[in-house]
Amino acid sequence: MEEELIGGNKENYGKSVIKNLSEELTREFGKEYSERNLYAFVQFFKEFPEILQSLVA
């Protein structure tokens, strides 16, 4: 996903993925899934990648 969020046409693709995902999740689960929050989720997991491993374990 990170590749889609940076540079050129990939940036536009990433933005459209986030936008569409936000709309879909917001309809189903509420306003907590705004585009801004989804970008924050991505940033969080970039800063703390080890947390995913601890959740799986």
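Before reading on, note that the structure itself is shown above.
Description of the structure in this document. (Residues numbered from 1 in each chain as written. Predicted model: local features only at pLDDT ≥ 70, side-chain atom pairs only at ≥ 80, totals over all residues. Heavy atoms only, no water.)

1. Focus on the pattern of salt bridges
Condition: The salt bridge criterion pairs a side-chain nitrogen of Lys or Arg with a carboxyl oxygen of Asp or Glu, the two atoms within 4 Å. Helix and strand definitions here come from DSSP, where helices need a minimum of 4 consecutive H or I residues and strands a minimum of 2 consecutive E residues; each element is numbered from the N-terminal end. Think of it in three bands: with a 1.4 Å probe and only protein chains considered, a residue is buried below 20% of the maximum accessible area for its type, exposed above 50%, and partly exposed in between.
In this structure the tally under the stated criterion is one salt bridge. Between Glu-23 and Lys-19 there is a salt bridge, with the nearest N and O atoms lying 2.9 Å from each other. Taken together, the residues Glu-23 and Lys-19, both in helix α1 (residues 8–29) and four residues apart, mark about one turn of the helix. Residue classification places Lys-19 among the partly exposed positions, given a relative accessible area of 38%.

2. Focus: the packing of aromatic side chains
We count it as follows: Paired rings are identified among Phe, Tyr and Trp, the last through its six-membered ring, by centres lying within 6.5 Å, and are further divided according to the angle between planes into stacked (under 30 degrees), edge-to-face (over 60) and tilted (the rest).
For the coordinates displayed, the defined rule picks out four aromatic pairs. Look at Phe-29 and Tyr-33: their rings are 6.0 Å apart centre to centre, the planes differ by 55 degrees, and that puts the pair in the tilted class. Residue class for Phe-29 comes out partly exposed when judged on its relative accessible area of 49%. A relative accessible area of 26% means that Tyr-33 is categorised as partly exposed. A ring pair is formed by Phe-44 and Phe-48, whose centres lie 5.1 Å apart and whose planes are at 45 degrees; its orientation type is tilted. What makes Phe-48 partly exposed here is its relative accessible area of 39%. An aromatic cluster is built from Phe-29, Tyr-33 and Phe-41, whose rings are joined through pairwise contacts.

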